[in-house]
Amino acid sequence: MLLFQQAPISHLGVVPMAAHTIGMRIKDIGYIFGAGAASMTTVQVAHAIARNDAVGAKEESSLAACWAVIMMEGVSILALVFSPLVIGIFSNDTEVIATTTTILRIHIFYQAGDAIFMIYRAALVGLNDTFYVRNISLLGGWFVMIPVSLLLTSVMSFGVVGAWLKLTLNVLISAIFYAGRFHFKLRDRINN
């Protein structure tokens, strides 16, 4: 699927592709914190559910979501504030630096959504709701990300910024679905 997500960007030229690649590497720094918190969340939620503590599962996931948002947003803000230095590690081209700096402005919203997305996806796995997780991932990836990417990058000519708007919309929408599903399933357990 990554090939289909990269294809709309690759035809835009060297500068957009370089800026996108640098943006993705910076995103990966924040991802480290979210991935660790997500792994912890799966285990914590599963343990809480095993001891019939739905309230504990909710508290654990909420705490992990807050922590992940703070850490991932911290990376985003630092990367934006120090963007010439951070981007300069990868390239000294002024066009690449300017384009990547624009991407980093979108990146702040992306990271918040990605933090919530990762935590609540992991929480659903802890609840053993993998069917829902798989379906949202497939639908979001194939039926939202790819068509919206083509629309924003090519049809509407937003270029690489459109690709990052697409990434951000996808994680925000998926985060809402995952968090909503998790809280809905816990509400049933708490009320029973």
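**Structural notes on a nonpolar patch on the surface**
Okay, step 1: Taken together, the side chains of Ile-77, Leu-78, Val-81, Phe-82 and Leu-85 present a nonpolar region at the surface, about 510 Å² in accessible area.
Okay, step 2: With three residues, helix H3 (residues 54-81) is the largest single contributor of residues to the nonpolar patch.
Okay, step 3: Checked against the element boundaries, Val-81 lands in helix H3.

**Considerations on helix H2 (residues 14-50)**
Okay, step 1: The end-to-end C-alpha separation of H2 is 52 Å, in line with the 54 Å expected for 37 residues at 1.5 Å each.
Okay, step 2: At Gly-30, H2 shows its largest kink, close to 35°.
Okay, step 3: Of the residues one or two after H2, Asn-52 is the one with positive phi, at around 55°.

**Considering the nonpolar core**
A general feature of soluble globular proteins is that nonpolar side chains tend to end up buried together.
Okay, step 1: Judged by nonpolar contacts, the single largest core of 28 residues is most densely connected at Tyr-178 and Phe-182.
Okay, step 2: Secondary structure elements with two or more residues in this core: H2, H3, helix H5 (94-126), helix H6 (130-155) and helix H7 (159-191).
Okay, step 3: Sorting elements by how many residues they give to this core places H5 first, with eight residues.
Okay, step 4: Other than its neighbours up to four places away in sequence, Tyr-178 contacts Phe-117, Tyr-120, Arg-121, Leu-124, Tyr-132, Val-133, Ile-136 and Ser-137.
Okay, step 5: Counting twelve residues, the second-largest nonpolar core is a separate cluster that includes Ile-9, Ile-103, Val-160 and Trp-164.

**Quick notes on the pattern of salt bridges**
Okay, step 1: The full count for this structure, using the stated rule, is five salt bridges.
Okay, step 2: Between Asp-28 and Arg-25 there is a salt bridge, and its shortest N-O distance comes to 3.0 Å. Pair noted here: Asp-28 and Arg-25 are both in helix H2, with a separation of three residues, about one helical turn.
Okay, step 3: Note on Asp-28: relative accessible area 27%, which makes it partly exposed.
Okay, step 4: Judged by relative accessible area, which is 39%, Arg-25 ranks as partly exposed.
Okay, step 5: Here Asp-129 ties to Lys-185 by a salt bridge, and the two come within 3.9 Å at their closest N and O atoms. Note that Asp-129 is positioned in the loop between H5 and H6 and Lys-185 in helix H7, a separation of 56 residues in sequence.
Okay, step 6: Overall, the relative accessible area of 6% leaves Asp-129 in the buried class.

**Here's the deal with the packing of H2 against H7**
Okay, step 1: Orientation of H2 relative to H7, taken along the N-to-C sense of each, is 5°, at an axis distance of 13 Å. With respect to H7, the element H2 is oriented roughly parallel. When H2 is examined against H7, the residues Pro-16, His-20, Gly-23, Met-24, Lys-27, Val-45 and Ile-49 are found in contact with a partner set consisting of Val-160, Trp-164, Leu-167, Phe-182, Leu-186 and Arg-189.
Okay, step 2: Within the contact of H2 with H7, the residues separate by chemical class into nine nonpolar, two polar and two charged.

Basis of the calculations
- Residues numbered from 1 in each chain as written.
- Predicted model: local features only at pLDDT ≥ 70, side-chain atom pairs only at ≥ 80, totals over all residues.
- Heavy atoms only, no water.
- Patch = residues over 30% accessible without salt bridge, like charges linked within 9 Å, V, L, I, M, F, W, Y side chains within 5 Å.
- Areas by Shrake-Rupley, 256 points an atom, 1.4 Å probe, with all protein chains shown as cover.
- Salt bridge = Lys/Arg side-chain N within 4 Å of Asp/Glu carboxyl O.
- Helix = DSSP H or I, 4+ residues; strand = E, 2+ residues; numbered from the N terminus.
- Expected span 1.5 Å × (residues − 1).
- Bend = angle between axes of the 7 residues up to and from the residue.
- Core = buried A, V, L, I, M, F, W, Y, C linked by side-chain atoms within 4.5 Å.
- Buried < 20%, exposed > 50% of the residue type's maximum accessible area, 1.4 Å probe, protein only.
- Contact = heavy atoms within 4.5 Å.
- Axes fitted to C-alpha atoms, helices over the stretch in contact; angles between N-to-C directions.
- Parallel < 35°, antiparallel > 145°, perpendicular 65-115°, else oblique.
- Nonpolar A, V, L, I, M, F, W, Y, C, P; charged D, E, K, R; others polar.

These results come straight from atomic positions and should not be treated as a statement about function.
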